[in-house]
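Coordinates in review
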Amino acid sequence: MIQFTNTLTRAKQEFIPMEPGKVKMYCCGPTVYNFAHIGNLRTYIFEDTVRRMLEMNGFEVTHVMNITDVGHLESDADEGEDKMEKGAQREGISPWEIARKYEETFFNDLERLNIKRPTRTPRATEHVVQMIELIKKLEERGYTYTRPSGVYFDTSKFATYTELARLDLAGLQAGGGGRVDHNPDKRHPNDFALWVLNKPRHAMQWESPWGRGYPGWHIECSAMSMQYLGATFDIHCGGVDHIPVHNTNEIAQSEAATGCQFVRYWLHGEFLQMGESKMAKSADNFITLQTLVDEGYDPLAYRYLCLQAHYRSELKFSFESLDAATVGLRKVYATKAENDPLSSEQAFHDASEEVLAAINEDLGIPQAVGLLNRYSSYRLWTYFDAVMGLRFEERTQKAPETLPEDVAELARQRDAARKEKNWLLSDSIRQQLIELGYEVGDSPAGTTVKKRSL
Ligand SMILES: [Zn+2]
């Protein structure tokens, strides 16, 4: 049995897909105006483990993730600067070029973190027609009103608007709060733009029944998820920050248009904390995956760090914790194929049932990692790498432990020399290793040695 904590009910629920054996899953994707920071990437790692665990349980998963390449405003509530245009100004290229550039870096990050490429990654700019159709449907059903600044969704017409986020609208309006803006064109502070009008300087514009303009951000996810997954689908994932505005608005506009339930299970991943605050792109002081690589870290050590925190818990990031994850991952890769503690079929079967049960209980990946480390079985790690995604077999074949003993000893001596800042000695050992036919590198956990390919 698989259980997830469904944000709709705030309770653990058994997962039963609409169609036996198949899962339809949608995840909010990146706005491609800058590098993803490692906090964003934590969410994509979480979503990747959801997909992988479903596949391990035998489901065929259709995984859709949108690429937001239309500029929208910085705050979820339609305020602030346009992100794409800001990126374009920063780099002196067009918003279209910015979008393609950062889409590519995003996919490159996914690859380095061994995140499976979603089944489909539709771009917003290529689905404006579907968005216009959806807004027309909402207009026909009386859920919209048009102002000079745009077409708005009237949230007062959608009775269950506050359900997902358990919002207290009266409290929000009385208290001010970041969520509520004061656009005088809106009938209610929580109403949101479906189509933006009369922004002649905006670089991306399309014709529509309401005039030239561009779509609001929220409509994008409803239009593209329903295009590829149908009016109702099984799972929608995202970060917890999307609950009160973005996902709430997605539900309102989708269900208002179709009259049926939009999503059956909502799964939300918690933040990555940096010091006392959450990592945010708008702060301009965020850490990217490339930052970690430049510091000598293995991207999979970051993945391993994320696997050790439950998706519904905040994870505090520090370089100390990443160092510890690096050492931990090295130990995982040192698991030996010989003398496997689970060599009998019965023992392997029992242990794998135990690990799978941990994974299936609300995605208990940290518990599963704990069990895998306790069993320290090569067979078991190999089997569950389908969920963990640590490239276990590939890496263990190159692990330093498989090096000839004299080479491993030289690497240890070099680490000792470096620790004592004896650079002359560490350099001469490095030279010896190179002459023996090895490539020598440095990682936070010490010298890395790899047989040079001929
Ligand atoms: Zn979305």
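Each value, and the rule that gives it
- Residues numbered from 1 in each chain as written.
- Predicted model: local features only at pLDDT ≥ 70, side-chain atom pairs only at ≥ 80, totals over all residues.
- Heavy atoms only, no water.
- Donors = N, O, S within 2.8 Å, 3.2 Å for Na, K, Ca; no water.
- Helix = DSSP H or I, 4+ residues; strand = E, 2+ residues; numbered from the N terminus.
- Buried < 20%, exposed > 50% of the residue type's maximum accessible area, 1.4 Å probe, protein only.
- Pairing = 2+ DSSP bridges.
- Axes fitted to C-alpha atoms, helices over the stretch in contact; angles between N-to-C directions.
- Contact = heavy atoms within 4.5 Å.
- Expected span 1.5 Å × (residues − 1).
- Polar contact = N/O pair within 3.5 Å; in protein donor to acceptor, adjacent residues only side chain to side chain.
- Salt bridge = Lys/Arg side-chain N within 4 Å of Asp/Glu carboxyl O.
- pLDDT = per-residue confidence, 0-100.
- Parallel < 35°, antiparallel > 145°, perpendicular 65-115°, else oblique.

Another point: the coordination of the zinc ion. Summarising the metal site, the zinc ion is bound by the protein donors Cys-28 (SG), Cys-221 (SG) and His-246 (NE2), whose distances to it range over 2.0 to 2.1 Å. Donor residues binding the zinc ion come from one chain and are separated in sequence as C-x192-C-x24-H. With a gap of 25 residues between them, Cys-221 in helix α6 (residues 217-229) and His-246 in helix α7 (residues 243-258) connect regions that are remote in the sequence. The burial state of Cys-221 is the same as that of His-246; both residues are buried.

We now examine the sheet that holds strand β9 (residues 233-239). The parallel open sheet is built from four strands, whose spatial order is β4-β3-β9-β10. The sheet is open, and its two edges are formed by β4 (60-65) and β10 (263-269), each paired on a single side. Pairs of neighbouring strands in the sheet enclose a mean axial angle of 20°, with direction left out of account. As paired strands, β9 and β10 are joined by six bridges and run parallel to one another. The residue bridging Gly-239 from the neighbouring strand is Gly-269, located in β10. Running at roughly 155° to β9, helix α1 (residues 38-56) makes contact with β3 (22-27), β4, β9 and β10 of the sheet.

Whether parallel or antiparallel, the strands of a sheet pair through hydrogen bonds between backbone atoms. Reading across from one edge, β5-β6-β7-β8 is the order of the four strands in this open sheet, with antiparallel pairing throughout. Each edge of the open sheet carries a strand with a single partner, namely β5 (144-147) and β8 (213-215). The average angle at which neighbouring strand axes cross in this sheet is 20°, direction not considered. Across three bridges, strand β7 (residues 192-197) lies against β8 in antiparallel orientation. Residue pairing for β8: Leu-197 is matched across the bridge by Gly-213.

In a regular helix each residue adds 1.5 Å, so 13 residues correspond to 18 Å; helix α4 (residues 128-140) covers 18 Å between its end C-alpha atoms and thus fits that length. Where the residues of α4 are buried, they touch β5, β6 (150-153), β7, β8, α6 and α7. A positive backbone phi angle near 80° is found at Gly-142, which sits one or two residues after α4.

Residue placement: Asp-234 occurs in strand β9. The buried category is assigned to Asp-234, whose relative accessible area is 1%. Polar contacts involving the side chain of Asp-234 include one to the main-chain amide nitrogen of Met-18, which spans 2.9 Å.

Turning our eyes to something else, we now look at the pattern of salt bridges. Applying the stated criterion across every chain, the model contains 25 salt bridges. Residue Arg-90 pairs with Glu-91 through a salt bridge whose shortest N-O separation is 2.9 Å. Given a relative accessible area of 26%, Glu-91 falls into the partly exposed group. Arg-123 is paired through a salt bridge with Glu-103; the nearest N and O atoms lie 2.9 Å apart. With Arg-123 in the loop between α3 (95-112) and α4 and Glu-103 in helix α3, the pair connects residues that are 20 residues apart, well separated along the chain. Arg-123 sits in the partly exposed class, given a relative accessible area of 22%. Given a relative accessible area of 10%, Glu-103 falls into the buried group. Ionic contacts of the salt-bridge type, sharing partners, join the residues Asp-69, Arg-100, Glu-103, Arg-123 and Glu-126 into one network.

The next thing to look at is the confidence of the model for the chain. The pLDDT averaged across the chain works out to 90; a share of 91% of its residues lies at or above 70. When the criterion is pLDDT under 50, residues 174-179 qualifies, and its contacts beyond four places in sequence or with other chains add up to ten contacts.

The pairing of β3 with β4 spans six bridges and is parallel. Across the sheet, Tyr-26 pairs through a bridge with Val-64, a residue of β4. Relative to β9, β3 is paired through three bridges, and the arrangement is parallel. Following the sheet pairing, Cys-27 is matched in β9 by Cys-237.

Let us now look at the packing of α1 against helix α9 (residues 299-307). Close contact between α1 and α9 brings their axes to 10 Å; oriented N to C, the two are set at 70°. As far as their axial angle goes, α9 and α1 are roughly perpendicular. Between α1 and α9, the residues in contact are Ile-38, Gly-39, Leu-41, Arg-42, Ile-45, Asp-48, Thr-49 and Arg-52 and Tyr-302, Arg-303, Cys-306 and Leu-307, respectively.

It is worth spelling out unusual backbone geometry at this point. What you tend to see is this: most non-glycine residues have negative phi, and most peptide bonds are trans. Although it is not a glycine, Asn-198 adopts a positive phi angle of roughly 60°. Mapped onto the elements of the fold, Asn-198 is located in the loop between β7 and β8. Taking the relative accessible area as the measure of exposure, Asn-198 reaches 57% and is therefore exposed. In this structure, Lys-421 is a non-glycine residue whose phi angle is positive, near 55°. Here Lys-421 shows up in the loop between α15 (405-419) and α16 (423-435).

As for its position among the elements, Arg-112 is in helix α3. Arg-112 has contacts with Leu-289, Gln-290, Val-293, Pro-299 and Leu-300, leaving out every residue within four places of it along the chain. Among the polar contacts made by the side chain of Arg-112, one reaches the side chain of Gln-290 at a distance of 2.9 Å.

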